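# What the coordinates show
Take a look at the letters that make up each chain.
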Amino acid sequence: EADIYQTPRYLVIGTGKKITLECSQTMGHDKMYWYQQDPGMELHLIHYSYGVNSTEKGDLSSESTVSRIRTEHFPLTLESARPSHTSQYLCASSERGHGETQYFGPGTRLLVL
Amino acid sequence: GESVGLHLPTLSVQEGDNSIINCAYSNSASDYFIWYKQESGKGPQFIIDIRSNMDKRQGQRVTVLLNKTVKHLSLQIAATQPGDSAVYFCAETGGYSTLTFGKGTMLLVSP
């Protein structure tokens, strides 16, 4: 069982609001990831981190930003939410190295009105 | 944003049957592959993985087969149970790149 947590699980918010999605893991994993997933669709990588003070953009263009000040914490921020941001956001982590299994959190389902 | 009205490939089986879910990948440099199971409202859950130096790996009731010649991966589930109903994703990676996920297959198991 993976020890990776996301809050909130569900969020309904109005257009223009700033939001932060939280992700924490207690496994001491160096690498962390954020994915966006629309219903019934594949996962798209939007941000990842190799470790503290490391952040990289993923394959999918995103208007969000991330930070990695502590190993266990990898929050994702939307400065100004729009209806097009409505989706599910999944956080994952893995050990350092190539080909390490990623463990996922339960996800945050975001609805922007 | 949201995309509605799109349908996943779906495999419907009877309880107790064996299930085979297929995945084609395009990157010939990929050398590590994972199958994930995603139940409704949850994040993906690791099932089994395989590295490119193997062509078969078995777990509990699951087997992954890798055919590098045709870039094909399959997941076999023995004696499928209603609790196996979920969406199954394959994922691949090569070098030190990140995982690339496939489109997913919905498995429906009827009693």
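Residues numbered from 1 in each chain as written. Chains lettered and ligands numbered in written order. Predicted model: local features only at pLDDT ≥ 70, side-chain atom pairs only at ≥ 80, totals over all residues. Heavy atoms only, no water.

### Points about the overall build of chain A
The test is simple: The way it works is that DSSP assigns letters per residue, a run of H or I at least four long becomes a helix, a run of E at least two long becomes a strand, and they are numbered from the N terminus. Our radius of gyration looks at C-alpha atoms and nothing else; its globule reference is 2.2 Å times the residue count to the power 0.38. Each residue's exposure class comes from its accessible area (1.4 Å probe, protein chains only) as a fraction of the maximum for that residue type: buried when under 20%, exposed when over 50%, partly exposed otherwise. The contact definition used throughout considers only heavy atoms, calling two residues in contact when any of these lie within 4.5 Å. The Shrake-Rupley method, run with a 1.4 Å probe, gives the accessible areas here. Residue values count only the displayed protein chains as cover. Neither His nor the chain ends is counted toward charge; the positive residues are Lys and Arg and the negative residues Asp and Glu. Think of each charge as sitting on NZ of Lys, CZ of Arg, CG of Asp or CD of Glu.
Helices and strands together make up the secondary structure of chain A, namely zero helices and 11 strands. Listing the helices and strands of chain A from first to last along the sequence gives β-β-β-β-β-β-β-β-β-β-β. Against the globule reference of 13 Å for 113 residues, chain A gives a C-alpha radius of gyration of 13 Å, in line with a compact fold. Dimensions of chain A along its principal axes, counting C-alpha atoms only, are 40 × 30 × 25 Å. Sorting the 113 residues of chain A into buried and exposed places 48% on the buried side. Taking the intrachain contacts of chain A between residues at least 6 apart in sequence as the baseline, contacts between residues at least 24 apart amount to 54%. Summing over all exposed atoms, chain A offers an accessible surface of approximately 5,200 Å²; the carbon and sulfur share of this is 50%. Computed over 10 positive and 13 negative side-chain charges, the separation of the two mean positions in chain A equals 7 Å.

### Quick word on the overall build of chain B
Helix and strand counts for chain B come out as zero helices and 10 strands. Taken from the N to the C terminus, the helices and strands of chain B come in the order β-β-β-β-β-β-β-β-β-β. The C-alpha atoms of chain B give a radius of gyration of 14 Å, which matches the 13 Å a tight globule of 111 residues would have. Expressed as lengths along the three principal axes of its C-alpha atoms, the size of chain B is roughly 40 × 35 × 25 Å. When the 111 residues of chain B are sorted by exposure, 41% land in the buried category. Sequence separation of 24 or more characterises 53% of the internal contacts of chain B that already satisfy a separation of 6 or more. In the structure as shown, chain B presents an accessible area of about 5,800 Å², 49% of it carried by carbon and sulfur atoms. Computed over 9 positive and 9 negative side-chain charges, the separation of the two mean positions in chain B equals 5 Å.

### Observations concerning the interface of chain A and chain B
The criterion, for reference: What counts as buried area is the accessible surface, traced by a 1.4 Å probe, that two parts surrender upon association, with contributions from both included. For this analysis, a salt bridge means a side-chain nitrogen from Lys or Arg found within 4 Å of a carboxyl oxygen belonging to Asp or Glu.
On the chain B side, the residues contacting the 28 residues of chain A number 27 residues. The junction of chain A with chain B conceals about 2,200 Å² of combined surface from both sides, 52% of it contributed by carbon and sulfur atoms. Linking chain A with chain B are one salt bridge, by the criterion used here. Put simply, Glu42 of chain A and Lys103 of chain B hold a salt bridge, and the shortest N to O gap is 3.1 Å.

### Overview of the pattern of salt bridges
Residues and elements named next belong to chain B. For the coordinates displayed, the defined rule picks out eight salt bridges over all chains. Between Arg57 and Asp49 there is a salt bridge, with its nearest N and O atoms 2.2 Å apart. On the basis of relative accessible area, Arg57 is assigned to the partly exposed category, the value being 35%. Owing to a relative accessible area of 11%, Asp49 belongs among the buried residues under this scheme.

### What to know about the pairing of strand β11 (residues 108–112) of chain A
Residue and element names in this part refer to chain A. Heads up, the condition is: We treat two strands as partners when DSSP finds at least two bridges between them.
Side chains Thr108, Leu110 and Val112 project from β11 onto a buried face, and the interleaved Arg109 and Leu111 project onto a face without burial. Examined bridge by bridge, strand β2 (residues 10–13) and β11 share four bridges and lie parallel to one another. Of the residues in β11, the one forming a bridge with Tyr10 is Arg109. Relative to β11, strand β9 (residues 87–94) runs antiparallel, the two sharing three bridges. Across the sheet, the residue bridging to Tyr89 is Thr108, located in β11.

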